[in-house]
Amino acid sequence: MAHLNDDLLVITDLDGTLLDPNTHEWEPAQAWLTRLIDHQVPVILSSTKTAAEIVALQDALGLSGQPFIAENGAIIQLDARWEDNPDFPRLLNGIPHDDILAVINRLRDEHGYKLFCFSDVDEKTIAEWTGLNPKLAAMAKLLEASETVIWRDSDDNLARFTASLEALGLMMIEGGRFWHVLDARGGKGQAVNWLKEQYRKREGTLRTTLGLGDGPDDASLLDNVDFAVVVKGLNRQGVTLKQDEPQRVFRTQESGPAGFREGLDHFLGKA
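Residues numbered from 1 in each chain as written. Predicted model: local features only at pLDDT ≥ 70, side-chain atom pairs only at ≥ 80, totals over all residues. Heavy atoms only, no water.

A word on the overall build of the protein
In terms of helices and strands, the protein carries nine helices and 12 strands. If one aligns the C-alpha atoms of the protein with their principal axes, the spans along those axes are about 55 × 45 × 35 Å. Counting every atom, the protein has about 12,200 Å² of accessible surface; 48% of that belongs to carbon and sulfur. Seen as two clouds, the 27 positive and the 43 negative side-chain charges of the protein have centres 1 Å apart. (Helix = DSSP H or I, 4+ residues; strand = E, 2+ residues; numbered from the N terminus. Areas by Shrake-Rupley, 256 points an atom, 1.4 Å probe, with all protein chains shown as cover. Lys, Arg positive; Asp, Glu negative; His and termini not counted. Charge placed at Lys NZ, Arg CZ, Asp CG, Glu CD.)

Some remarks on the side chain of Asn157
Tracing the chain through its elements places Asn157 in helix α6 (residues 155-167). If we ignore the near neighbours within four places in the chain, the residues touching Asn157 are Tyr113 and Trp151. (Contact = heavy atoms within 4.5 Å.)

A short note on the packing of aromatic side chains
Per the stated rule, a full pass over the model turns up seven aromatic pairs. Here the aromatic rings of Phe118 and Phe178 are separated by 5.4 Å at their centres, their planes lie at 75 degrees, and the arrangement is edge-to-face. Here Phe118 is found in the loop between β6 (115-117) and α4 (123-130), whereas its partner Phe178 is found in the loop between β8 (170-174) and β9 (179-183), with 60 residues between them in sequence. A single burial state applies to Phe118 and to Phe178, both of which are buried. (Phe/Tyr/Trp six-rings, centres within 6.5 Å; stacked < 30°, edge-to-face > 60°. Buried < 20%, exposed > 50% of the residue type's maximum accessible area, 1.4 Å probe, protein only.)

Topic: the sheet that holds strand β12 (residues 249-255)
Read from one edge to the other, the open sheet built from eight strands follows the order β5-β4-β3-β2-β1-β10-β11-β12, with strand pairing classed as mixed. Strands with a single pairing partner mark the edges of an open sheet, and in this sheet they are β5 (90-92) and β12. Averaged over all adjacent pairs, the angle separating strand axes in this sheet is 15 degrees, with direction ignored. Of the pairings in the sheet, the one linking strand β1 (residues 8-13) to strand β10 (residues 208-213) comprises five bridges and is parallel in character. In the sheet register, Val10 faces β10, and the bridge partner there is Leu210. Its contacts with the sheet place helix α2 (residues 51-61) against β2 (43-46), β3 (68-70) and β5, and it is angled at close to 145 degrees to β3. Against the sheet, helix α9 (residues 256-268) engages β1, β10, β11 (227-232) and β12, with an angle of about 145 degrees to β12. (Pairing = 2+ DSSP bridges. Axes fitted to C-alpha atoms, helices over the stretch in contact; angles between N-to-C directions.)

Take a look at the structure:
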């Protein structure tokens, strides 16, 4: 079990985990966020969201200046105090957004795949797709190292499209409602391990890590932490982990921020 007085890192997914997938509210998780901040435990947000979206959310949550993982690990924002790091303020994992979009467009033109990208539409359409307000929907378009995709084609064509991406060094990750294309060198698990190593180098010790997520795109995150909370989600495939021992993995009965609270209650003790 973990303890609040340990050298602890909490890494959490956003939509469907810390945030309600429909309202984007986090009120059931607020008491735990306050406790973690009071105990100076870093809370690292990890999401498919863009860096611009996460910076705005950090401000609202009282987490400004802490590291975060954006675009499924394609972007790693460093702690605001790590100005001496050569990658400060932000590490981009792999090829940039415009190059990824060019590959998607070429494959779509060549094979006639039925798909839509966030880059195809305006912020009003993204707001309709996501339920975000217009300001946040505009931020969702500010992709730096990935592209968000709605797939409208067959499973067979999805397999062909994915194989073509993989041959070009890209990967297709399924999120809660959308697919995400990014450099195969990215991913939330890789980003988590990179941040763990930065803390070790600075502090001389390896922190205990507790991760939370609800979708298939969170599996690599949850496979690379000491304790994992699988929050009850809406995805039909669920979350499959490589090490699913009950002493390491807890699956919640509640969803969204209530599941976040349930998971921290389980591993860190109720408030």
